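Coordinate inspection notes
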Amino acid sequence: MASSTKISRLISRSFSSASSSSTSLFSRGGNGYLGGLLSKYSTAAAIDEQPIKPSVQVDHTQLLIDGKFVDAASGKTFPTLDPRTGEVIAHVAEGHSEDVDRAVAAARKAFDQGPWPKFPAYERQKIMLRAADLIEKHNDQIAALETWDNGKPYEQSAQIEIPMLVRLFRYYAGWADKIHGLTVPADGPYHVQTLHEPIGVAGQIIPWNFPLLMFAWKVGPALACGNTVVLKTAEQTPLSALYVAKLFHEAGLPAGVLNIISGFGPTAGAALASHMDVDKLAFTGSTDTGKVVLQLAAKSNLKPVTLELGGKSPFIVCEDADIDEAVELAHFALFFNQGQCCCAGSRTFVHERVHEEFVEKAKARALKRAVGDPFKSGTEQGPQIDSKQFEKILKYIRSGVENGATLETGGERLGSKGYYIQPTVFSNVQDGMQIAKEEIFGPVQTILKFKDLGEVIQRANNSKYGLAAGVFTKNIDTANTLTRALKVGTVWVNCFDTFDAAIPFGGYKMSGQGREKGEYSLKNYLQVKAVVTPLKNPAWL
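Residues numbered from 1 in each chain as written. Predicted model: local features only at pLDDT ≥ 70, side-chain atom pairs only at ≥ 80, totals over all residues. Heavy atoms only, no water.

An unreviewed UniProt entry annotates the protein chain as aldehyde dehydrogenase (NAD(+)) of Medicago truncatula. Quoted verbatim from the Function (unreviewed entry) field of UniProt, the annotation for the protein chain is "Possesses activity on acetaldehyde and glycolaldehyde in vitro." (UniProt positions renumbered as here; feature names shortened; annotations may be inferred.)

Here is the structure:
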């Protein structure tokens, strides 16, 4: 799993030429291949040129139910769009409640009658490892689909996210034969043991910002524990999950164990959340939608739910910070993945003694950010996911200006097509402003000034969210104080977005319920059964 240092170094440095994998994967149509590092917003004209055409083919656009690709029962499809242009990539089957019923029935049959939960754990492990090997083999094709459908830089997809996907599945494959219960001492002549059993059919709903990583965070532990899965992809990014699910079946996954439904939240998502034959639900997305999902689960069969929701994470730069390093890390913490990151360091708190220098250098760094076609080598920032998110971000930027924050740089769209936005920096941001309270989910850095630790702790915690935080300091006492005082699920000290397969992730307050990744995520997909048996004339208790 890549560290934040590796990610930051990869996306911030200038690449002299495309890697050999990039060269083989992309054709240079028209004027689409653009040399040199893009900077200082001089990219508008380049963005309007012919985009680089990925040579990967879209082979799977149907639903995956019971091991087969099938059309939606209604025959309906919907377009998935290229965020670089807004043009249609492919038309994908639009799943509805009838399709969810079919998928859940297949998953139920595979769980109750099929071999998957009855396999020796080692057999499940081998299939998951074979699937990971196939994903690794098809790294470039999968990365191209992810970038084409999502807009994130190809180098990010190919060199970081798909390898992370492989690592996650190998990690959970390793857990498959290490899940076991306990022998428990009791008061009296009884043998007491606990059994950890798969929970059954797991319904899973994933977002569009990290389609395959969220796929792995949910599918990995569910399969390792012996469950079957019905997963709904985000309507904006359905393509890569279908491709990877196909590889799982090539690796020997039995039919019905992993079913993929593409469709929309109010139809397919609601049907899955409220289904009476789904035993467990996992959702990643916005807090508002998470509330709806939780209600639907409760009103149906009271299925347990894990939620990974929104965030407004503080990034705290202390007075002893090396400003150049702090600026670079704070920039990465916010702008990574076009700012479309639930744990983005979107409230940059800077000590008053270094505030002025920080603001000037943060502005300069944003001006140098390479924005352009995500298939072009060296691009740091691609387009936002779609027109809805694009307009939402611009609306937040306008509100920042109207509320009196200082727009240091950016604030406008780039080019005349696609969903590109200038890297934007605000200073003089106050806690009560909309841009300081609400999740923007875009390339907008808000800088706030603070005086002392007590003040910044109170202000950082004054949020409905509690997903993550960043702390930048050379003082171990300061770091210890902040890490224990901040009400968040993850605190990164002098780093950010360090995501290892073994590190749990989740939030306090309205940022969610439960944890994903690591050993903790296995608990989401297991039932614990106590078995008590009397002992006759035991030698010991």
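With respect to the layout of surface pockets
Of the volumes computed, that of the largest pocket is approximately 1,400 Å³. Lining the largest pocket are 46 residues, and of these Trp208, Gln236, Ser286, Thr289 and Lys388 sit closest to its centre. Of all elements in the fold, only strand S5 (77-82), helix H10 (265-273), strand S12 (280-284), helix H11 (287-299) and helix H14 (387-402) reach the threshold of two or more residues within the lining of the largest pocket. Considering every element that reaches the lining of the largest pocket, the biggest residue donor is H11, with six residues. In terms of residue class, the lining of the largest pocket is built from 22 nonpolar, 13 polar and 11 charged. (1 Å grid on protein atoms, 1.4 Å probe; cavity = no way out; pocket = protein on both sides within 12 Å on 5 of 7 lines; lining within 4 Å. Points joined across faces, edges and corners; volume = space filled by probe spheres on them. Helix = DSSP H or I, 4+ residues; strand = E, 2+ residues; numbered from the N terminus. Nonpolar A, V, L, I, M, F, W, Y, C, P; charged D, E, K, R; others polar.)

Topic: the pairing of strand S9 (residues 201-205)
In terms of residue burial, S9 counts as a mostly covered element, since five of its five residues are buried. A two-sided burial pattern is seen for S9, the buried positions comprising Val201, Gly203 and Ile205 on one face and Ala202 and Gln204 on the other. The pairing of S9 with strand S10 (residues 228-232) spans five bridges and is classified as parallel. Residue pairing across strands places Ala202 opposite Val229, the latter belonging to S10. With helix H8 (residues 211-224) bridging S9 and its parallel neighbour S10, the resulting β-α-β unit is right-handed. (Buried < 20%, exposed > 50% of the residue type's maximum accessible area, 1.4 Å probe, protein only. Pairing = 2+ DSSP bridges. Right-handed = clockwise from strand over helix to strand, strands pointing away.)

Overview of the packing of helix H6 (residues 139-150) against helix H9 (residues 239-250)
Between H6 and H9, the shortest axis-to-axis distance is 8 Å and the interhelical angle comes to 160°. Relative to H9, the element H6 lies roughly antiparallel. Of the residues in H9, those in contact with Gln141, Ile142, Leu145, Glu146 and Asp149 of H6 are Leu239, Ser240, Tyr243, Val244 and Leu247. Partitioned by chemical class, the residues of the contact of H6 with H9 number six nonpolar, two polar and two charged. (Axes fitted to C-alpha atoms, helices over the stretch in contact; angles between N-to-C directions. Parallel < 35°, antiparallel > 145°, perpendicular 65-115°, else oblique. Contact = heavy atoms within 4.5 Å.)

A look at empty space enclosed by the protein
Over the atoms rolls a probe the size of a water molecule, and in doing so it shows where empty space is left. Applying the stated criterion across every chain yields a total of six cavities of 30 Å³ or more. Estimated volume of the largest cavity: approximately 160 Å³. What lines the largest cavity is a set of 16 residues, and nearest its centre among them are Phe210, Met214, Trp217, Cys341 and Phe499. By residue number, the principal contributor to the lining of the largest cavity is H8, which donates three residues. Classifying every residue of the lining of the largest cavity by side-chain character gives 12 nonpolar, one polar and three charged. When residues of the lining of the largest cavity are assigned to domains, at least three fall in each of domain 1 (63-309 + 516-527) and domain 2 (313-501). (Domains from an automatic or database assignment.)

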